[in-house]
Structure formats: C-alpha cells, structure tokens
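# Observations on the model geometry
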Amino acid sequence: MSASFPSLRAWQRRALVEYLRRKDTDFLAVATPGAGKTTFALRVAAELLADGTVTAVTVVTPTEHLKNQWAKAAAAVGIPLDPTFRNSDGYTTSDFRGVVITYAQVGMAPMVHRRRTMARPTLVILDEIHHAGHSRTWGEGVRIAFEHATRRLSLTGTPFRSDDNPIPFVTYERGPDGLLRSKADSFYGYGDALADGVVRPVIFLAYSGETRWRTSAGEELAVRLGEPVTQDVIAQAWRTALDPSGEWIPQVLRAADARLRVLRSGDIPDAGGLVIATDQKAARAYARLLTEIAGEKPVVVLSDDAGASQKIADFSASNQRWLVAVRMVSEGVDIPRLAVGVYATSASTPLFFAQAIGRFVRARRPGETATVFLPSVPQLLGLASEMEAQRDHVLGVKKAREGFDDDAVRRAQRAEHASDELTKGIEALSATAELDQVIFDGATFGLPVQAGTPEEQEYLGLPGLLTPEQVAMLLARRQAEQAARDRRRAAEAAKAASAQTPAPPQQKTLSPGERRLMLRRQLNALVGAHHRRTGIPHGKIHAELRRICGGPASAQATIEQLEARIAVLQSM
C-alpha cells in the first residue's frame, strides 16, 4: 500500500521512524501549516493497516470542508474513507476502511463513536487536536469516544490555546516555572520548514495611517493607527481602518491587487489572493470594492453558504484572482496558489493569526514568496515578527484575551480606565493608508511612505521568486535607497531654507508617537550600516540587540528600549 505514496519529506521520515519505533497509543505531531501533516498521518495509517495493528481508521476534523479534503487525500493513496457518515448511520459499508467526521459530530453523540471504535482495532487521527479543548462538550466527547482506540495520532500546526482547557490525549510536562506545557513527540516548526524550502517566506506589509471617528456624544477623535495608546483606542482605530466606507481598506486592497498583478504577470501566473474579513457584512462590502479595483468579481465564501466547500474547491482549481471569506478559510483549507493575503479582520489571537497566515505558506516550487497586508497595530506586528517562535499549550497561567470583540474591548477599557464614551457606538469618519513598515524574518525594513506613491510600488514590485536571503537583501537595499532619498531631500530643503535666511523656527516638540517613529528609523538605518560593515543579516542583528537589551521586536519596542538598542549599535 505504501508504494502509492509520494516521497516523504525529511521531517515526515523522521517522524514516521519515531512513531513506528515507539508503538505508543498516543503520538502528537506538531508541524507548521503546509508542511504535510496529512501525508504523514495517512502514511502512518497505511503502515498500521498493512501490518494488522488496526483494521479501521477514523479521522476527526474541525470543519465540514476538511472532511472532503481528507477523504480525497486518503482515496488517492488507497485508503477509502467515508466523509458522509452521520451519527444516525451507526456503521459504514464495506466499501470504506473508515470515516471522516467533525469534532462537532463527536460532541453531539460520543457514545456512537465509542461503540464504533471498540468494535474493531481503530486508528483515530485527530486533526488540529487543539479544537478538542474548544469547549467542554468537544473535549469530553473526544475523550469518551476514543479513550479505547488502539492508536491515536494527534496533529496540529498551532499547539497552543488561550484558555486553560486541557486537550485530551496530549501529554503535559511541568517546567522549571511550575507550569504544565504540552509535549510534542515530533516537532517541525515554520523556521525549520523555511530553511528546508518546504514553506514559502512571508513578507508582511504593515499599513498605518490617520483614523478619525465620532463617539455617540458627538466627540471626534483622531489617532494614528499603531500609535502607542490604550487598548480600547487601538481597537476603535483598528475598526475605523477596516470600515469599507473609509479610505484605508480601499487603498490597501489596491496595493494588494497591484502586488497580485506583479506576481501573476511574472513568476506565479496562477497566483491567487485572499481577503480575510471580520464578518459577513464586511466580506460583501470588500468584495464590491475588489470588483471595482480588480475589474473582476471575487469569489465570496460565507460560513452559512450551503455550497461554501464547493466554492473553495472550485477557486483552488481555477485561475480566478480573489477570494473573500470570513473565518472558514482560516484553518486547514488547502489552496496552494494563494500568494497574497489581506488580513482585514479584528481577530488577533496567536492561534487565529497562525492559522490564517498558514493559508499562504504552502510551497509548490523553490523561491515562491507570499505577501500579507495587515494593519499596523502592536498585536499583529508582534505576531508577524515572531512567525518562527515555537509555542506550546500552557496550563495554570492566566492569559489575556486577545482580539477585539465587544467583550474584550469592554474589559480593556475597564482595566485602563478609558473614557466611558468609548464603550458606546462609534461612527467611522475617515482613515487614510500609509505603508508603515515591511516585516520579514523577525526584522523590520523600510520607512513610512504614502499609499499610491512610487516608493510604495518599489515594495509591491518585488519579484515573486526569491530565496529568503534574496528577500532580506532586496528589502535592505530598498530601505537604504529610501534613507538616501530622505537625506537628499532634507539637504535640499535645508539649502533652500538657508538661502532665504528666515528667522530661526521654534523647535517642535515631538509627540511620543513621532519620537518612537524617529527612533525606529534611526535604529533601522544603524542596523543597515552595521550589516554593510559586517555582512551579518539584518534579522540576526535585531535578534542580538533584543538579546542584549531585552524587549520585543523593534515594531513593538518602547522609546526606552529603542534608545538602548541605538546606544549599543553606536558603541559597536
């Protein structure tokens, strides 16, 4: 049976050898989206079916769409699985070696699946196992249904949650800090996969800009997106930027479509784009904007559409340019040609972000890159800067609720004693877009430029086929060219001012946001100069500064932290 399988990647071979060596009931494989967890799991199933360890296979997935995706992949390697099984059926016909079901199905009738599992030796594949802790019903249902399975293979690309619900069949070990952390039997992270050429490098283009809104009391507020302010004000500025009636989202969609055109006219002719929206109303509005911008009506996928799964499958196999969706395309859905993304949602948990970005990293041939456009807000900038960080599910520690649903906003407001007016409805007035920075490999590049300018086009026009080293080199070159232009313009302005000999102007006092932006520019310029002297990559220089001085990536660093890093660089 294994002869029908494609060649395994190195991590898959290592994990398979480890699995067959251990022969344990439970095995947790953590691998970044796009690495090939499905192929690995089906190879394990084929081995266990061939040697008689099991005679049946049950695959549990988070969504209905993934049921069909798993069944198709299994059929391709000679393991027929029934994706149409219902709880009321009780059993499948002899045409199938097992079933594909959802966690929701298990939660509704765990005893049905318990009886099926106990009837014959069964391998249970728990895809994206972190969903088993989604609620007590799902977690308890999975435990009841499959506690007597002969083998359980748990898979996840994001082994962490924002709650304290233990995940069934996952081993937790106590660390030096006394907290319990999930323990993977096989781990293959994004950094490993990127080094092996298994996934694409992701270039993040973060857009800032001025946002204005009116409170229910009639007060107008204006904030620069990403400025260091209270969480509730960030939330309102974020929402204002995402408002389809403003200018921020149309400008970002135009930039994303321009990037997609570059890829399709060059190295990736079938490249597709995905806009992830917060809700259905926004998704429909973004689709209307894209129709005007791109000259082609995008595919819109909403979770309550009866044909949503078929729409996704059709888009994946087509040459259409844009797909607009809410949450159902955020996890597990395989559309390898996606190369441009717009993160137009207010969700900001590490889990959702990782799942969403996972849609763009699936590599098909060496050198393909992915580009994701996102709002320049601290939560997302931090997650983008830490793409390669390994995360585990930690129990026994209080975690902050992330993402800006209404409850989270109210809690943040109470915690930071924000104005009561902000707890009421707001009216978005305007929002402009500005390319704030480019994030790649944990480092930031570029200086802020207005949307629609030639300077922005320099980043939108990057080639589609680049190695990670070439991406970093080109971004560093773009930044150096920007800095040189800024210096020339400043010198010309100073010369013109000197010729007119005006009265000495009163020195402007910089706001904290302006000072932080100035320091970030200075730090990036110093990092670029240090790179030119030493040849050390920008990302490694930034990482060393963080090690010496502490603190997050420069995009989220405080004024004090930026000043400390500048001082260290100036002393080198």
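First, a word on scope: everything that follows refers to the structure included in this document. Every value quoted in this text rests on a predicted model; they were computed, and no experiment measured them.

To continue, consider the packing of helix H2 (residues 37-50) against helix H3 (residues 64-76). Axis angle and axis distance: for two packed helices, these are the angle between their axes and the distance between the axes, and together they describe the pair. The geometry of H2 relative to H3 is characterised by a closest axis approach of 10 Å and an angle of 55 degrees between their N-to-C directions. Put simply, H2 runs oblique to H3. Read as a crossing pair, H2 and H3 show a hand that is right-handed. Contacts between H2 and H3 pair Thr38, Ala41 and Leu42 from the former with Trp70, Ala73 and Ala74 from the latter. The residue inventory of the contact of H2 with H3, partitioned by class, reads five nonpolar, one polar and no charged.

Moving on, we come to the sheet that holds strand E2 (residues 56-61). The sheet built from seven strands is open, its strands ordered E3-E4-E2-E5-E6-E1-E9 with parallel pairing. One side of each edge strand has no neighbouring strand; the edge strands of this open sheet are strand E3 (81-82) and strand E9 (186-188). By the bridge criterion, three bridges tie strand E1 (residues 26-31) to E9 in an arrangement that is parallel. Paired with alanine 31 across the bridge in E9 is tyrosine 188. Its contacts with the sheet put H2 on E1, E2, strand E5 (122-126) and strand E6 (151-156), and the angle it makes with E6 is roughly 170 degrees. The strands that H3 touches are E2, E3, strand E4 (98-102), E5 and E6; relative to E4, the one it contacts most, it runs at about 155 degrees.

Taking burial as the measure, the six residues of strand E17 (residues 370-375) include six buried ones, the bulk of the element. Covered by surrounding structure in E17 are Ala370, Val372 and Leu374 together with Thr371, Phe373 and Pro375, the residues of both alternating faces. In the sheet, strand E10 (residues 202-208) pairs with E17 via six bridges, with the strands oriented parallel. When the sheet's bridge partners are listed, valine 202 is paired in E17 with alanine 370. One crossover worth recording links strand E16 (residues 338-344) to the parallel E17 by way of helix H12 (residues 350-357), and it is right-handed.

Glancing now at the pattern of salt bridges. Evaluated as defined, the whole model comprises 22 salt bridges. Across the salt bridge formed by arginine 86 and aspartate 89, the nearest N and O atoms sit 3.4 Å from each other. The exposed category is assigned to arginine 86, whose relative accessible area is 52%. Salt-bridge contacts for arginine 224 lead to glutamate 434; the nearest nitrogen and oxygen are separated by 2.4 Å. In this pair, arginine 224 is assigned in strand E12 (residues 220-224) and glutamate 434 in strand E20 (residues 434-440), connecting sequence segments 210 residues apart. No difference in accessibility class separates arginine 224 from glutamate 434, as the two residues are buried. Three or more residues joined by partner-sharing salt bridges are found here, namely Arg200, Asp270, Arg364, Arg365 and Glu368.

Before going further, it helps to spend a moment on the layout of surface pockets. If you add up the space inside the second largest pocket, you get close to 980 Å³. Around the second largest pocket sit 36 residues that line it, and Thr38, Gln69, Ala73, Asp334 and Arg362 are the ones nearest its centre. Mapped by element, the contributors of at least two residues to the lining of the second largest pocket are H2, H3 and helix H11 (308-317). Top element by residues in the lining of the second largest pocket is H3. It accounts for eight residues. Grouping the amino acids of the lining of the second largest pocket by side-chain chemistry returns 14 nonpolar, 13 polar and nine charged.

What counts and what doesn't
Position numbers for residues count from 1 along each chain, tracking the sequence in the order it is written. Where totals are concerned, whole chains, interfaces and linings use all residues; where local detail is concerned, this predicted model gives features only for residues with pLDDT of at least 70, and gives and counts side-chain atom pairs only at 80 or more. Only hydrogens and water are removed before side-chain values are computed, so all heavy atoms of the structure are retained for them. Every axis in this analysis is a line fitted to C-alpha atoms, fitted for helices over the stretch in contact. Angles between the N-to-C directions lie between 0 and 180 degrees. A run of DSSP states H or I qualifies as a helix once it reaches four residues; a run of E qualifies as a strand once it reaches two. Both are numbered from the N-terminal end. Angles are sorted into four bins: roughly parallel if under 35 degrees, roughly antiparallel if over 145, roughly perpendicular if 65 to 115, and oblique for all others. Each crossing gets its hand from how the near helix is turned against the far one by less than a right angle, where anticlockwise is left-handed and clockwise is right-handed. The criterion used for residue contact is that any of the two residues' heavy atoms lie within 4.5 Å. Each residue receives one of three labels: charged for Asp, Glu, Lys and Arg, nonpolar for Ala, Val, Leu, Ile, Met, Phe, Trp, Tyr, Cys and Pro, and polar for the others, Gly being one of them. Strands are treated as partners if at least two bridges between them are detected by DSSP. The rule is simple: take the accessible area with a 1.4 Å probe, protein chains only, and divide by the maximum for that residue type; under 20% is buried, over 50% is exposed, in between is partly exposed. Handedness is read with the strands pointing away from the viewer; a crossover is right-handed when the path from the first strand over the helix to the second is clockwise. In the sections that follow, a salt bridge refers to a side-chain nitrogen of Lys or Arg positioned within 4 Å of a carboxyl oxygen of Asp or Glu. A 1.4 Å probe that fits but cannot get out identifies a cavity on a 1 Å grid over protein atoms alone, an open set with protein on both sides within 12 Å along at least five of seven lines counts as a pocket, and a residue lines either if it has an atom within 4 Å of a point. Grid points are joined across faces, edges and corners, and a volume is the space filled by probe spheres set on the points.

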